[in-house]
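Listed here are the chains, written in short residue letters.
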Amino acid sequence: MPKTFFITTAIDYTNSPPHVGHAYEKVLADVIARYHRLKGENVFFLTGVDQHGQKVQQSAAKAGIPPAEFVKDITQRFVDLWKKLDVQYDEWAETISERHKKVVQGILQRLFDAGQIYKDKQSGYYSVRQEQFLTDKERGPDGEFGPEWGQVEFREEENYYFKLSQHKEWLLQYLNKRTDAVIPDFRQTELRNAVERISADLCISRPKSRLAWGIELPFDKDFVNYVWFDALTNYISFAGYDPSLSTFNSQPSTFRDKWPALQVIGKDILVPAHGIYWLIMLHAIGFPDDQMPQLLVHGWWNIGGAKMSKSVGNIVDPFVLADKYSSDALRYYLMSDMATGRDADFSEDRLVERYNADLANTLGNLLNRSLTMIEKYRIRKLTRPQSVKSNPVDEYGLRVSPTLAKIEYISAMTGYVPHLACQVALNLTLQCNKIVDAAKPWALAKDSAEREHLDQVLYTLAESLRIIAILISPVLPKAAHGIFDQLNWKMELSGKDERFSLADAEWGRLPDGHIVGKPVPLFPRIETTE
Ligand code: MSP
């Protein structure tokens, strides 16, 4: 059986509705998943929501409804958003589901039986308002806990702990050995430095008196799990992992055929959650080193250099943008204007600017003018030139090289940098527009001696558009379908993504005598007041 390409994203907290940062991560994973489908691979794309925890319990209490009802509403908002943004996942993770609870409890019980989890007493200063123990880091310059913590009291509390520090040496040697455990490089360095500093074990429980909204510990019904064993386990519980089987090789083949996953996460949850807790958890439950997931760490969208946050009130709502400009417009902006791994500034003006420049004026314009000319000069019928070169070079010194473009495109997608893949498709489009300007088909059409020449130019444009549509399909699925429809390419498969295949991005596939469709504006310009 061929290996399945398995990709996951962080599961989103359901204490508040989705914003554009959440959307970026899911679209990024969707683009990578679609690229692998384009290559003809089996893909398993898992995403979902993180429904337990203190914040949800608090938000639900504030709203005056039970947590289960509260998360149902917010979860629906996420589901609706992914549908709106054409995020096409194969499995949906909801941490309140029975299936997930069984796996989390199975894993906790196994680790408890193996002596990896123990009970201990913690004492210290506790903020009643924030419901957390405070450390010296929380003290102000005067040595006191500030008013933001409300009433602070000395408390003693028993909890369960996972022997995290016992696995520190293992994690260090694993990271030394595997240089691409984390992408990009500088994040692996950051993780390695953090691992060096591990000194304590991980508290994994809360007494039910403090937190009721969680998964009960299988070995003590007075406690719920808090928080990472619950959240992180989603990556395997929804992929068919069976906690009763202790070795990796005894896992069902449905799980082993997929695992390990490429895990897309934001920079804030690398250290300690994914880079430390998750890798150590997997190691502790028997995953061998060559079955460790790879972590692709992306940056954050900021607003004017500042963090997007509910309290500041600068949250950008992706529903509003998708309704106003279309799902493709938002996807294109998110993918083309951020270099994976780095931060970027979100700006609606910039979204409009890029849409108008790249999509309306460049790609939309090429499609429209090409089909209009094929209709006008050849009643929509293409003539395939006698010799179809793989790298057509014309006498204007302009080279349309879809073969080269494809190579660059594959390299960008393999390196998880969709902004460069967008650039490749855009460059090819720009070249074609230059060819139109230089060849002047309207002049060729008036000269019968230029008949073949005109056929060649028109074929080059249509064939380039077909290849461009394939290349942009992971980022712009709707537009790619639109171009295929207008080119009349494989209409019999209309509506299905399978009509896109990277193997078809080869020069010369449009047959002689092919009839193209009528031009329909694909990316209407967004009018701005300026
Ligand atoms: N629920 C946890 C993750 C558990 S994974 C087992 C969580 N949720 S979150 O809703 O706060 O964030 C979900 C993802 O969205 C994270 O990867 C986070 O980095 C990402 N983003 C949140 N804000 C973001 C931006 N402003 N920009 C880009 N991504 C951002 O963390």
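Here's a quick rundown of the structure. Throughout, a residue's number is its position along its own chain's written sequence, starting from 1. This being a predicted model, a pLDDT of at least 70 is required before a residue's local features are given, and a value of 80 or more before pairs of side-chain atoms are given or counted; all residues contribute to the totals for chains, interfaces and linings. Hydrogen atoms and water are omitted, and side-chain values are computed over all heavy atoms in the structure.

1. With respect to the overall build of the protein
Here a helix means four or more residues in a row that DSSP labels H or I, a strand means two or more in a row labelled E, and each is numbered from the N terminus. Broken down by element type, the protein carries 17 helices and 16 strands. Its C-alpha atoms give the protein principal-axis dimensions of about 95 × 55 × 40 Å. Relative accessibility thresholds used throughout: buried, under 20% of the residue-type maximum; exposed, over 50%; partly exposed, between the two (1.4 Å probe, protein chains only). The 530 residues of the protein split such that 55% are buried. Put simply, 76% of the contacts in the protein that link residues at least 6 apart link residues at least 24 apart. The Shrake-Rupley method, run with a 1.4 Å probe, gives the accessible areas here. Residue values count only the displayed protein chains as cover. As presented, the protein carries roughly 23100 Å² of accessible surface, and 51% of it is formed by carbon and sulfur atoms. When the 63 basic and 69 acidic side-chain charges of the protein are each reduced to a single mean position, those positions are 3 Å apart. Should any heavy atoms of two residues lie within 4.5 Å, those residues are considered in contact. Counted as positive: Lys and Arg. Counted as negative: Asp and Glu. His and the chain ends are not counted at all. Working definition for charges: the position is that of NZ of Lys, CZ of Arg, CG of Asp or CD of Glu.

2. Here's the deal with the pairing of strand β1 (residues 5–9)
In summary, the side chains of a regular strand alternate between the two faces of the sheet. Where burial is concerned, most of β1 is hidden: five out of the five residues are buried. Of the two faces of β1, the one carrying Phe5, Ile7 and Thr9 and the one carrying Phe6 and Thr8 are both buried. Here a strand pair is declared whenever DSSP counts at least two bridges between the two strands. Direction of pairing for β1 relative to strand β3 (residues 43–50): parallel, over a ladder of four bridges. The residue bridging Phe5 from the neighbouring strand is Val43, located in β3. Pairing between β1 and strand β13 (residues 262–266): three bridges, direction parallel.

3. Looking at the site of the ligand
One heavy atom suffices: a residue is near a molecule or strand as soon as one of its heavy atoms comes within 4 Å of it. Among the 23 residues in the neighbourhood of the ligand, the closest are listed as Ile11, Glu25, Asp50, Gly266 and Asp268. Distance and chemistry together define a polar contact, namely a pair of N or O atoms within 3.5 Å, with one atom able to donate a hydrogen and the other to accept it when in protein, and with adjacent residues in sequence counting only for side-chain atoms on both sides. One of the side-chain nitrogen or oxygen atoms of Glu25 is found 2.5 Å away from an oxygen atom of the ligand. Trp300 places a polar side-chain atom, nitrogen or oxygen, 3.1 Å from an oxygen atom of the ligand. Computed on the free molecule, the ligand has an accessible area of 660 Å², of which 95% lies beneath the protein chains in the complex. Sorting the residues of the shell around the ligand by element identifies β2 (12–13), α1 (20–38), α7 (228–237) and β13 as the ones contributing at least two each. Of the residues belonging to the shell around the ligand, the class tally is 11 nonpolar, eight polar and four charged. Put simply, Ala, Val, Leu, Ile, Met, Phe, Trp, Tyr, Cys and Pro go in the nonpolar bin, Asp, Glu, Lys and Arg in the charged bin, and everything else, Gly too, in the polar bin.

4. Observations regarding the packing of aromatic side chains
Note on aromatic pairs: each is described by the distance of the centres and the angle between the planes. Stacked, edge-to-face and tilted are the three classes for Phe, Tyr and Trp ring pairs, Trp counted by its six-membered ring, which pair at centre distances within 6.5 Å; planes under 30 degrees apart are stacked, over 60 edge-to-face, the rest tilted. Applying the stated criterion to the full structure yields 29 aromatic pairs. Consider the rings of Phe112 and Tyr160, whose centres lie 6.4 Å apart with planes at 70 degrees: the pair is edge-to-face. Residue Phe112 is located in helix α4 (residues 98–113), and its partner Tyr160 is located in strand β7 (residues 152–162); the two are separated by 48 residues in the primary sequence. Under the relative-accessibility criterion, Phe112 is labelled partly exposed at 30%. Members of the aromatic cluster, joined through ring pairs, are Phe6, Phe44, Tyr241, Phe248, Phe255, Trp259 and Phe287. Lying across the ring of Phe44, Lys258 places its NZ or CZ 4.7 Å from the centre. The ring of Trp489 has Arg466 sitting right over it, with the charged end atom 4.8 Å from the ring centre. Remark: a charge is flagged as sitting over a ring if the NZ atom of Lys or the CZ atom of Arg is within 6 Å of the ring centre and within 35 degrees of the ring normal.

5. Some remarks on the sheet that holds strand β5 (residues 117–127)
If you walk across this open sheet you meet the four strands as β6-β5-β7-β9, and the pairing is antiparallel. Each end of this open sheet is capped by a strand with a single partner; those strands are β6 (132–133) and β9 (202–203). Summarising the sheet, β5 and β6 pair through two bridges and their orientation is antiparallel. Among the inter-strand pairings, Ser127 is bridged to a residue of β6, identified as Gln132.

6. Things to note about unusual backbone geometry
The linkage connecting Ile183 with the following residue, Pro184, adopts the cis geometry, with an omega of -10 degrees. For Pro184, the position within the fold is in the loop between β8 (182–183) and α6 (185–196). Following Tyr226, the chain continues to Val227 via a peptide bond in cis, the omega torsion being -10 degrees. Residue placement: Val227 occurs in the loop between β12 (220–225) and α7. You will see that Ser326, though not glycine, has its phi angle at about 100 degrees, which is positive.

7. Some thoughts on the environment of Arg155
In this fold, Arg155 is placed in strand β7. Arg155 gets classed as partly exposed once you look at its relative accessible area, which sits at 25%. As for Arg155 and Gly124, which are separated by 31 residues in sequence, their C-alpha atoms are 5.5 Å apart. With near-sequence residues (within four places) excluded, Arg155 lies in contact with Gln122, Ser123, Gly124, Tyr126, Phe133 and Arg210. A distance of 3.0 Å separates the side chain of Arg155 from the side chain of Glu153, its partner in a polar contact.

8. Details of the sheet that holds β12
Judged by pairing direction, the sheet is antiparallel, and its three strands sit side by side in the order β10-β12-β11 without closing on themselves. Each edge of the open sheet is held by one strand with a lone partner, namely β10 (205–207) and β11 (216–217). As paired strands, β11 and β12 are joined by two bridges and run antiparallel to one another. Within β12, the residue paired with Glu216 across the bridge is Val224.

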